[in-house]
Amino acid sequence: MTASRTVSARAHANIALVKYWGKRDAALNLPAAGSLSLTLASLTTTATVEASEQAADQLELHGHAVTGAALARFSAWADLVRQAAGAPGLRFRVISRNDFPTASGLASSASAYAALAVAVSRAAGLELSPRELSVLARRGSGSAARSIFGGLVVMLPGKRADGSDSHAEQLMPADELERSWPIAMVVAVVGGGRVKSLSSRAAMEHCAETSPLYAGWLASVPGDLAAARAAIERRDLHALGEVAEQSALTMHAAALAARPAVAYFRPATIALIDAVQELRRGGTTAFFTMDAGPHVKVLTTRAESAAVAARVRQVADVTQVIESGPGDGPAVVAG
Ligand code: PMV
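This text gives an overview of the structure that appears in the document. Here the structure is a predicted model, which means the values were calculated and not measured.

**Describing the sheet that holds strand 11 (residues 287-289)**
1) Next: Pairing in this open sheet of four strands is antiparallel, and the strands run 11-12-10-13 from one edge to the other. Only two strands of the sheet have a single partner each, and these edge strands are strand 11 and strand 13 (318-324). Mean inter-strand twist for the sheet, computed between neighbouring axes without regard to direction, equals 25°.
2) Next: Across three bridges, the pairing between strand 11 and strand 12 (residues 296-301) is antiparallel. Directly across from Phe-287, in strand 12, lies its bridge partner Leu-299.
3) Next: Those strands touched by helix 7 (residues 237-256) are strand 10 (183-190), strand 11 and strand 12, and its axis lies near 30° from that of strand 11.
4) Next: Sitting on the sheet, helix 9 (residues 305-313) is in contact with strand 10, strand 12 and strand 13, with an inclination near 170° to strand 13.

Below is the structure:
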């Protein structure tokens with residue numbers, strides 16, 4: 001029996017400005033196209049992992065044991081680590097905590113699997129490079145591959161069948177953004193009754209199989225990525241914001257056209273889109289984006305973040321507003 005080892009790691013969520021929506025390989029979780037995101041300092045998951053030769057993997061989120069499909073998904077992912085470490089008997093006891101509401105479409109799987117990739121691999125005795133961590137995080141959740149890096153990040157879909165070239169890369173670190181291009185994001189959490197949203201994983205698959213607009217969505221991604229990268233090089237927030245809105249709306253259009261429809265918007269989502277457009281007409285830098293849930297994230301500048309937050313707070317059914325600057329990649333906080 002080997003001694004147990006405990007590691008804690010913290011990772012930030014990220015919000016895509018050019019969305020990931022669809023896979024080229026479901027088993028290996030390989031994206032069909034690239035994506036581009038901003039890692040957010042204010043949305044954090046901390047995962048504490050104890051590796052030992054106990055009976056089974058255990059996962060606890062906010063003090064509640066995770067069971068069923070989510071635990072099975074974690075165990076299947078943890079098998080990859082056991083295999084890489086040559087330690088088939090190792091089991092992981094995980095305690096995970098988000099410092100933001102765990103709601104669909106709030107990127108909790110991104111920060112969770114990024115923190116897990118760092119903590120679980122290290123607890124198993126592996127020393128992985130950022131690229132290897134990104135590949136590992138991707139197997140848990142496609143967007144988690146991007147949370148292995150801070151600041152502005154691009155996901156490369158890769159070409160290889162084994163997915164070894166499907167990982168994220170940093171475009172601009174958070175400290176450089178803070179210093180020379182202080183962008184920010186305001187997250188408006190939409191409540192107004194619990195809506196059972198389809199998970200992004202299931203929704204993507206359903207959309208790829210049934211939406212007549214899926215092919216058009218996929219065809220739109222390379223152009224949006226090129227435009228976003230060019231905007232970042234020029235530090236042109238208006239151009240980047242416009243791409244972000246187009247990418248989100250094109251993704252949601254493909255989802256809405258799925259049969260049956262995948263509709264994430266709530267009345268407050270539309271009201272928030274209106275509020276952002278109204279802010280922009282008034283001269284404020286503000287651009288919206290939405291993921292697999294009703295919440296709206298607004299890309300803005302650090303200087304205008306408080307004004308954007310004050311405006312979106314007035315929208316009915318907005319239950320929480322989080323302001324965030326760019327965040328760093330994951331960190332080991334203990335162990
Ligand atoms: O990482 P997943 O499987 O939860 O998918 C994320 C999908 C979106 O959040 C809708 C888009 C994105 O690129 O993050």
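Picking up after the structure, the text goes on.
**Looking at the site of the ligand**
1) Next: Neighbouring the ligand are 14 residues, the closest being Tyr-20, Ser-141, Ser-143, Arg-146 and Ser-200.
2) Next: At 2.8 Å, a side-chain N or O of Arg-146 approaches an oxygen atom of the ligand.
3) Next: Residues of the shell around the ligand, tallied by class, amount to six nonpolar, five polar and three charged.
4) Next: Both domains that furnish three or more residues to the shell around the ligand are identified here as domain 1 (5-173) and domain 2 (180-324).

**Brief notes about the environment of Ala-123**
1) Next: With respect to the element layout, Ala-123 can be found in helix 2 (residues 108-123).
2) Next: C-alpha of Ala-123 to C-alpha of Ala-11: the two residues are 112 residues apart in sequence and 16 Å apart in space.
3) Next: Setting aside residues up to four positions removed in sequence, Ala-123 forms contacts with Arg-5, Val-7, Val-49 and Ala-51.

**Concerning the pattern of salt bridges**
Two side chains bearing opposite charge may form a pair once their charged atoms approach each other closely.
1) Next: Within the structure shown, the criterion is met by ten salt bridges.
2) Next: Glu-50 serves as the salt-bridge partner of Arg-93, at 3.4 Å between the closest nitrogen and oxygen. Of the two residues, Arg-93 is situated in strand 7 (residues 91-98) and Glu-50 in strand 4 (residues 35-52); the sequence distance between them amounts to 43 residues.
3) Next: Judged by relative accessible area, which is 23%, Glu-50 ranks as partly exposed.
4) Next: Residue Glu-178 pairs with Arg-302 through a salt bridge whose shortest N-O separation is 2.6 Å. Note that Glu-178 is positioned in helix 4 (residues 174-180) and Arg-302 in the loop between strand 12 and helix 9, a separation of 124 residues in sequence.

**Description of the packing of aromatic side chains**
1) Next: Under the criterion given, the structure shown has three aromatic pairs.
2) Next: Pairing Trp-77 with Tyr-113 gives two aromatic rings, centres 5.2 Å apart and planes at 80°, and the pair type is edge-to-face. Taken together, the residues Trp-77 in helix 1 (residues 68-85) and Tyr-113 in helix 2 connect sequence positions 36 residues apart. Residues Trp-77 and Tyr-113 agree in their burial class; the two are buried.

Conventions adopted
- Residues numbered from 1 in each chain as written.
- Predicted model: local features only at pLDDT ≥ 70, side-chain atom pairs only at ≥ 80, totals over all residues.
- Heavy atoms only, no water.
- Pairing = 2+ DSSP bridges.
- Helix = DSSP H or I, 4+ residues; strand = E, 2+ residues; numbered from the N terminus.
- Axes fitted to C-alpha atoms, helices over the stretch in contact; angles between N-to-C directions.
- Contact = heavy atoms within 4.5 Å.
- Near = heavy atom within 4 Å.
- Polar contact = N/O pair within 3.5 Å; in protein donor to acceptor, adjacent residues only side chain to side chain.
- Nonpolar A, V, L, I, M, F, W, Y, C, P; charged D, E, K, R; others polar.
- Domains from an automatic or database assignment.
- Salt bridge = Lys/Arg side-chain N within 4 Å of Asp/Glu carboxyl O.
- Buried < 20%, exposed > 50% of the residue type's maximum accessible area, 1.4 Å probe, protein only.
- Phe/Tyr/Trp six-rings, centres within 6.5 Å; stacked < 30°, edge-to-face > 60°.

Take it as geometry only, folks, not as evidence of what the structure does.
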